[in-house]
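Below, each chain spelled out in residue letters.
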Amino acid sequence: MGECLIKQVLVIGGGLAGLRAAIAAHDAGCDAAVLSKVYPIRSHSGAAQGGINAALANHPEGKDDSWERHAFDTIKGSDYLADQPRVEILTQEAPERVLEMEHWGTYFSRTPDGHIAQRPFGGAGFPRTCYAADRTGHHLLHTLWEQCLKRNITLYNEWLITCLVVHGGRVFGAISLHIPTGQLQAFGAHAIIIAGGGHGRIFAKSTNAYINTGSATAAAFRAGVPLEDMEFVQFHPTTLYGTNILITEGVRGEGGILVNAKGERFMERYASTVMELGPRDIVARGIQTEIDEGRGFKGKYGSYVHLDVHHLGADVIKTRLPGIRQIAMDFAGVDPIEAPIPIQPGQHYSMGGLACDENGQTPIEGLFAVGECSCVSVHGANRLGGNSLLETIIFGKRAGEQAANIAKNADKPGSESVLNDVLREQEADIKSLKARTKGERQITIRRRMQAEMTEKVGLFREEKSLTKTVEKLAQLKEEYKKVIIDNKGDAFNYDLMDALELGGMLELAEVTAQTALRRRECRGSHWRTDHPSRKDEEWMKHSLAFFNPEGPPRIEYEDVLITTYEPTVRKY
Ligand SMILES: Cc1cc2nc3c(=O)[nH]c(=O)nc-3n(C[C@H](O)[C@H](O)[C@H](O)COP(=O)(O)OP(=O)(O)OC[C@H]3O[C@@H](n4cnc5c(N)ncnc54)[C@H](O)[C@@H]3O)c2cc1C
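Conventions used here
Residues numbered from 1 in each chain as written. Predicted model: local features only at pLDDT ≥ 70, side-chain atom pairs only at ≥ 80, totals over all residues. Heavy atoms only, no water. Domains from an automatic or database assignment. Contact = heavy atoms within 4.5 Å. Buried area = accessible area lost by both parts, 1.4 Å probe. Salt bridge = Lys/Arg side-chain N within 4 Å of Asp/Glu carboxyl O. Polar contact = N/O pair within 3.5 Å; in protein donor to acceptor, adjacent residues only side chain to side chain. Phe/Tyr/Trp six-rings, centres within 6.5 Å; stacked < 30°, edge-to-face > 60°. Buried < 20%, exposed > 50% of the residue type's maximum accessible area, 1.4 Å probe, protein only. Lys NZ or Arg CZ within 6 Å of the ring centre and 35° of its normal. Pairing = 2+ DSSP bridges. Helix = DSSP H or I, 4+ residues; strand = E, 2+ residues; numbered from the N terminus. Axes fitted to C-alpha atoms, helices over the stretch in contact; angles between N-to-C directions. Parallel < 35°, antiparallel > 145°, perpendicular 65-115°, else oblique. Nonpolar A, V, L, I, M, F, W, Y, C, P; charged D, E, K, R; others polar.

1. Observations regarding the domain arrangement of the protein
And step 1. Domain boundaries in the protein define domain 1 (236-346) and domain 2 (417-539).
And step 2. If you look at the interface, domain 1 gives seven residues, while domain 2 gives five residues.
And step 3. Carbon and sulfur atoms supply 73% of the area buried between domain 1 and domain 2, which totals about 470 Å² over both sides.
And step 4. Broken down residue by residue, the surface that domain 1 buries against domain 2 is led by Asp281, Arg285 and Gln288, which jointly contribute 78%.
And step 5. Along the contact surface separating domain 1 from domain 2 lie zero salt bridges.
And step 6. Taken together, domain 1 and domain 2 are joined by one residue pair in polar contact (both at pLDDT 80 or more).

What follows is the structure, given as structure tokens:
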């Protein structure tokens, strides 16, 4: 145990949201540090392919685009569950933030006259998605990382936050495991920003990196921040059959089509006007329905349909979709220039997350949330592609500035003795976990949870199986109390890390299943086969789940902020 390290603003997470927040806090005159369980440029943000939305109106077919049109598309896409004033902030500030990324060096693809190129994306009225070939996240992440290096912002790499310390309604600091040595360390801070990313790995079939476990989200949940709208999980329509690696929506944006085993272009049945460029929830359910009704191709890992781009020609595929071509060749043995790509839907994004306002402020003083782990409520029941990268830089900047304000006006960070008490408790917990010999291995519990979530809390849901899942998850939580690990060492003990993170994953899975069970309607990504319609009178509400150490979470509901756009039937 080293001496407590004190920072003015401590950012947990080195993805786009965390780095943007740290830059903002630093530029506002604070001593900011980023702590991340992986080196920042290995964060999942770097895997983003398709692009980032901003109404720049650079595309010949997008001349009439505006931030208001972007706001409308986002709110309609959200099935009217997004908080409208927050969406307006997202879309109004988008052009300025995206141009800032360009000026900081992001290597965007270009129009013939040298402006940032934009491509069509699902659910968008105009071609509005700015891109860097099909490696947009990689370029954005490297740009922000360079900006952090330039500012000499301290990076604590390979540190895993295991718990937050909150005392008297205010955040004091965090306890962290140093992965290379296995030592625990207390960090004190005036303000903490959680930027821990998504938690897609609570599902078996996911496009998310293995690191996307949501352990930082779970730490904030346990510390008292409610989780908002967790029943809304995005399933991406096109993930590679077998491995579920993402095949970007940009493929359909460039003109790719979906075909079933009977050779039919089946999207005609589900979104006849926009076809393959319908929003993700509708396209994913279309594909799954084709598969469930026997019109898919059968294979070892379930059924799939085809995503065909060969008609675009080798030049377009090689210049605009080089990464996708490589993935298809390496992981499915298919060259899209010659043959269709086999795809199936898979978990992709968490619309729900830590409840916070437009400056990232959670209900706990000094504690902020930003990026995919948060729920500012701009995506509602279904996120539009390209809006998530955007969310990280818009709200990253706002949260960083707000945290800096709080930190500069705070007299001193929380008491070190409170932090050290928690640190000692954590050390004792890890010691007894390592000593335990009777119980279930973490991987066994994890796989059961993932299978349960994929089968019962997936694209189509219903009362009976959700009720059983909720019971099953409670049982897995009980088993987890006696989880065992094989590796008793200190250095790079991933067995220990996985076991520690699994506890948080079970909490997040339980909240997802519990809120899905209660919401008896269909809205966006949440489809109840036993309640097949949207019920605005009863359900135009956000769910809020509160941690309960004794059992299942307490769930409350809160009104949606509707200002400009009256909810109507959502048709494409
Ligand atoms: C394959 C793929 C493609 C995508 N493509 C697009 C796209 O084209 N357009 C778009 O808008 N969106 C896209 N998305 C979504 C988007 O990329 C993410 O939502 C966004 O990048 C999340 O950024 P973030 O900073 O919130 O989290 P991340 O980039 O996931 O970063 C999370 C950080 O938190 C750290 N961390 C987590 N837990 C802990 C802990 N306990 N202790 C310490 N550190 C911790 C991690 O080390 C990491 O640095 C895509 C997502 C995927 C999976």
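So much for the structure itself; the text now carries on.
2. A few points about the packing of aromatic side chains
And step 1. Enumeration according to the criterion identifies 13 aromatic pairs in this entry.
And step 2. Ring plane angle 90 degrees and centroid distance 6.2 Å describe the contact between Tyr156 and Trp159, whose orientation is recorded as edge-to-face.
And step 3. Overall, Tyr156 belongs to the buried group, its relative accessible area being 14%.
And step 4. Here the aromatic residues Tyr241, Phe297, Tyr301 and Tyr304 are joined through ring pairs into a cluster of three or more.
And step 5. When the ring centre of Tyr349 is taken as reference, the NZ or CZ atom of Arg383 above it lies at 4.1 Å.
And step 6. For Arg554, the ring lying beneath its charged end belongs to Phe546, and the centroid distance is 4.3 Å.

3. Notes on the sheet that holds strand 16 (residues 353-355)
And step 1. Taken in spatial order, the five strands line up as 18-16-10-19-20 in an open sheet, and their pairing is mixed. Each edge of the sheet is formed by a strand with only one pairing partner; in this case those strands are strand 18 (374-375) and strand 20 (554-559).
And step 2. Pairing geometry for strand 10 (residues 227-228) and strand 16, over two bridges, is antiparallel. Note that in strand 16 the partner of Leu227 across the bridge is Leu354.

4. Some details on the packing of helix 4 (residues 94-103) against helix 11 (residues 387-409)
And step 1. The contact between helix 4 and helix 11 brings their axes to 10 Å, and the two run at 95 degrees. When the interaxial angle is binned, helix 4 and helix 11 end up roughly perpendicular. Facing helix 4, whose interface residues are Ala94, Arg97, Val98 and Met101, helix 11 presents Leu390, Ile393, Ile394 and Lys397.
And step 2. Tallied by class, the residues present in the contact of helix 4 with helix 11 amount to six nonpolar, no polar and two charged.

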